[in-house]
Amino acid sequence: MADPTARLLTLLALLQSGPDRSGRELAERLGVSTRTLRHDVDRLRELGYPVDATRGAVGGYRLGSGGKLPPLLLDDEEAVAVTVGLRAAAGIAGVEEAGARALAKLEQVLPSRLRPTVEALRGSVDRGPENTGTDAPDPEVRAPVLQAVASAIRDSEWLRFDVDGRPHLVEPYRLLSWQRRWHLVARDPRDGVWGTFRVDQIEPRMPTRRRFDPQPVPGGDYTAFAMRTIAASGWNVHARLRVDASAEAVIARINPAVGIVEPVDEGHCVLVTGADSLDTLAVYAGMLMMDFTVESPPELIPLLELLSARYARAAAGS
């Protein structure tokens, strides 16, 4: 490759696209000698790109982390995929503005040959409504909060935060994105109790810088654990319903994240369930298609009476 500038860009793209690459492999891909390759690597370093080198039989070059984000070199398919992904991110509360800025920067530099594809996607793809299971607005999670939580997980450091003014100190393990919400799977280091927290309700405090030794989550699967516990702690409102059916029958009717079922006897069980609002909870309770009694909260009962009267009028009018 004769053009030095084009060669440097190609070298940068190769270093960005995978793990360590040997000097011989890079030289062959660029069609230059290993001496020229070393010169090109030095040139990238002069331009501010942190290229790390390791010696030995398994040595090679890799692009290290630097003080600033270098420009990314994407192939055609990657550029289109990132553009589509950023368009989808525009509907996520809390990151839509940052996603829109990134999308604008990417579209500004898209090669002309890719613009017809991107415009075709823009003109032919619609977004359906995602908030179809509740009447509550989507919760907003600020990007700095996600960054603080993710950093604590990465570094295995205790995380201190407030929820509704109440302080919490936890060992953070995983972030779960589900139903337009972010949940944190964490463990209390004082009593060893595991739980999930809604990240949109978290207000991080100063980093603790105190590391912990990770422990296995009950059952070994973070996602499965979170889905089991969201029903009890991950919603805005919760209810206990005594259902006139076996635990097995109720479990067969619900999603694991919708409720926790506690057996009472062969013909009865208690369903602990939740939703974003009592109105939504009242509708979901009827979808069980089973007789039940409300143990809590009492505010749910008038809503059920309202729905019952409305359904009765609809049935009479038919």
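Residues numbered from 1 in each chain as written. Predicted model: local features only at pLDDT ≥ 70, side-chain atom pairs only at ≥ 80, totals over all residues. Heavy atoms only, no water.

Observations concerning the packing of aromatic side chains
Piece 1. Tallying each qualifying case throughout the model produces five aromatic pairs.
Piece 2. Residues Phe161 and Phe197 carry aromatic rings whose centres are separated by 5.2 Å and whose planes lie at 80° to one another, so their mutual orientation is edge-to-face. Of this pair, Phe161 sits in strand S3 (residues 159-163) while Phe197 is found in strand S6 (residues 194-198), placing the two residues 36 residues apart along the sequence. Across the pair, exposure class does not vary: Phe161 and Phe197 are buried alike. (Phe/Tyr/Trp six-rings, centres within 6.5 Å; stacked < 30°, edge-to-face > 60°. Helix = DSSP H or I, 4+ residues; strand = E, 2+ residues; numbered from the N terminus. Buried < 20%, exposed > 50% of the residue type's maximum accessible area, 1.4 Å probe, protein only.)

Describing the sheet that holds strand S10 (residues 268-275)
Piece 1. Strand order in the open sheet formed by four strands is S9-S10-S8-S11, with antiparallel pairing between adjacent strands. The two strands at the open ends of the sheet, each matched to only one other strand, are strand S9 (259-265) and strand S11 (292-296). When strand polarity is set aside, the average angle formed by the axes of neighbouring strands in this sheet is 25°.
Piece 2. Alignment of S9 against S10, held across six bridges, turns out to be antiparallel. Its bridge partner lying in S10, Asp265 is registered against His268.
Piece 3. With respect to the sheet, helix H10 (residues 278-286) is in contact with strand S8 (237-243), S10 and S11, its orientation differing from that of S8 by roughly 25°.
Piece 4. Against the sheet, helix H11 (residues 300-317) touches S8 and S11, its axis set at about 150° to S11. (Pairing = 2+ DSSP bridges. Axes fitted to C-alpha atoms, helices over the stretch in contact; angles between N-to-C directions. Contact = heavy atoms within 4.5 Å.)

Quick look at the side chain of Glu171
Piece 1. Residue position: Glu171 is located in strand S4 (residues 166-178).
Piece 2. When its relative accessible area of 5% is taken as the criterion, Glu171 is described as buried.
Piece 3. Among the polar contacts made by the side chain of Glu171, one reaches the side chain of Tyr173 at a distance of 2.8 Å.
Piece 4. In contact with Glu171, other than residues within four places in its own chain, are Trp158, Val185, Ala186, Arg187, Pro189 and Phe212. (Polar contact = N/O pair within 3.5 Å; in protein donor to acceptor, adjacent residues only side chain to side chain.)

Here we look at the sheet that holds S6
Piece 1. Taken in spatial order, the five strands line up as S6-S5-S4-S3-S7 in an open sheet, and their pairing is antiparallel. Across the chains shown, the open sheet's two edge strands, defined by having one partner strand only, are S6 and strand S7 (202-204). Taken over all neighbouring pairs, the strand axes of this sheet differ in orientation by 55° on average, direction set aside.
Piece 2. The sheet contact formed by S3 and S7 spans three bridges and is antiparallel. Paired with Asp162 across the two strands is Glu203, which belongs to S7.
Piece 3. Against the sheet, helix H7 (residues 143-155) engages S3, S4, strand S5 (181-187) and S7, with an angle of about 95° to S4.

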